[in-house]
Amino acid sequence: MIGAEIKGLVANQPLMYLVVTVISLVFMCIACNKSLLNKYPKLFFIFARLGVSIHELSHYFIAKILLHRVSALKMYQKPTAKGRPLGYVIHEPRIAFLAPITNLLIGIAPFFGGVLVAFLVTKEIVPELLYLSVFEVTLKQLQAIGLLRLMLWLVFTSGVLIYSIPSRTDIKNGRLGATILIALSAAAFYFNKSIIDYNNYNEIALKIASTLTLLTLPVTMLFLMLLASSLPSMLKK
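Just so we're clear, the structure is a prediction, and the values are computed from it rather than from any experiment. (Residues numbered from 1 in each chain as written. Predicted model: local features only at pLDDT ≥ 70, side-chain atom pairs only at ≥ 80, totals over all residues. Heavy atoms only, no water.)

## A word on the nonpolar core
Rules: Working definition of a nonpolar core: buried Ala, Val, Leu, Ile, Met, Phe, Trp, Tyr and Cys residues. They are joined through side-chain atoms within 4.5 Å. Each residue is assigned to one of three classes by its accessible area relative to the maximum for its type, calculated with a 1.4 Å probe on protein chains only: buried under 20%, partly exposed between the two thresholds, exposed over 50%. Counting from the N terminus, the helices are the DSSP runs of H or I reaching at least four residues and the strands are the DSSP runs of E reaching at least two. It only takes one pair of heavy atoms within 4.5 Å for two residues to be counted as in contact.
Counting residues in each nonpolar core, the largest one holds 28 residues, and the members touching the most others are Leu25, Leu36, Val115, Leu161, Tyr163 and Val219. Contributions of two or more residues to this core are made by α2 (14-39), α3 (41-65), α4 (99-125), α6 (147-161) and α8 (198-236). For Leu25, the residues in contact, after removing those within four places along its chain, are Phe111, Val115, Leu161, Leu212, Leu215, Thr216 and Val219. Core analysis: the second largest hydrophobic core is formed by 10 residues, Val121, Ile125, Trp153 and Leu214 among them.

Structure representation (structure tokens):
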């Protein structure tokens, strides 16, 4: 009954569903990242070798596409000193007046790069779940997949996604561009309200959100396992 109500809500409000899904995925990724670092630092850095590399490569490729000069790329390094980043890309724009927008796009690139890699991993390991939303996945389907493939999917997708969130530096570099885009969008909508026809985007939003909810599942499973592992120490307190 609850599942049917959720599906009905999703079908009626796909754009809202997409926004909530993205926020949920970001929150779970941040929670897993911090929990791993605090409780299992060795596991954190094992995951980081994969996730941080994809994070920095996403920056690198978008910087190249947007014609930035890239002077250095470090896909992964051990944090031997406090505040030393796990990876970095040093770049500068060739066209200065476009810098706020290009810096924003480069800053958010890891999220889209991480989602793309997680999608490809899902397609390779558990293709039978592809294009299903989390509400359509049944226990019978998970049992049919088998524990080994499920664990591989969990490890690889989680390892990529929890490092896909833009860093503080990425957010700082993209703030001006985000402000400009929001202001321009608001002005365009104010002067021409028909410029946004939500019906044209509903089907696309629904497909994207369905895929994202599926990718949220392994991250959520990892978070719940981390939470369960910390319960004994929490109960002792």
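## Overview of the pattern of salt bridges
Pairing between side chains of opposite charge can happen when the charged atoms of each approach one another. Which entries qualify depends on this criterion: Put simply, a salt bridge is a Lys or Arg side-chain nitrogen that is within 4 Å of an Asp or Glu carboxyl oxygen.
The full count for this structure, using the stated rule, is one salt bridge. Close ionic contact of Arg149 with Glu128 constitutes a salt bridge, the shortest N to O distance being 2.8 Å. Taken as a pair, Arg149 in helix α6 and Glu128 in the loop between α4 and α5 (139-145) lie far apart in primary sequence, 21 residues in all. Its relative accessible area of 39% is what places Glu128 among the partly exposed residues.

## Here we look at the packing of α4 against α6
Defined as follows: Helix axes use the C-alpha atoms of the stretch in contact, all axes being lines fitted to C-alpha atoms, and the angles between their N-to-C directions lie in the range 0 to 180 degrees. When describing relative orientation, an angle under 35 degrees is termed roughly parallel and one over 145 degrees roughly antiparallel, while 65 to 115 degrees is termed roughly perpendicular and anything else oblique. For this classification, the nonpolar set comprises Ala, Val, Leu, Ile, Met, Phe, Trp, Tyr, Cys and Pro, the charged set comprises Asp, Glu, Lys and Arg, and every other residue, Gly included, is treated as polar.
Running from N to C, α4 and α6 cross one another at 170 degrees; their axes reach a closest spacing of 9 Å. With respect to α6, the element α4 is oriented roughly antiparallel. Contacts from Gly114, Val115, Val117, Ala118, Val121, Thr122 and Ile125 in α4 reach Arg149, Leu152, Trp153, Phe156, Thr157, Val160 and Leu161 in α6. For the contact of α4 with α6, a count of residues per class yields 10 nonpolar, three polar and one charged.

## Here we look at the packing of α3 against α6
Put simply, the rule reads: Note: crossing handedness is left-handed where the near helix turns anticlockwise from the far helix by less than a right angle, and right-handed where it turns clockwise.
The geometry of α3 relative to α6 is characterised by a closest axis approach of 7 Å and an angle of 55 degrees between their N-to-C directions. Regarding the angle of α3 to α6, the classification is oblique. α3 and α6 meet at a crossing whose hand is right-handed. Residues Phe47, Leu50, Gly51 and Ile54 of α3 form the contact with α6, whose participating residues are Val155, Phe156, Gly159 and Val160. Classifying every residue of the contact of α3 with α6 gives six nonpolar, two polar and no charged.

## A few points about α3
The following threshold applies: Between the first and last residue of a helix there are one fewer steps than residues, each counted as 1.5 Å, and that sum is the expected span. Bend at a residue means the angle formed by two fitted axes: the first through the 7 residues ending at that position, the second through the 7 residues beginning there.
Taking 1.5 Å of rise per residue, the 25 residues of α3 would be expected to cover 36 Å, and the 35 Å separating its terminal C-alpha atoms lies within 8% of that figure. A bend of about 45 degrees at Ala48 is the largest found in α3. For α3, the full list of buried residues reads Phe44, Phe47, Ala48, Gly51, Val52, Ser53, Ile54, His55, Glu56, Ser58, His59 and Ala63. The positive-phi residue at the C-terminal boundary of α3 is Leu67, with phi of around 65 degrees.

Remember that the coordinates give geometry; whether it matters functionally is a separate question.
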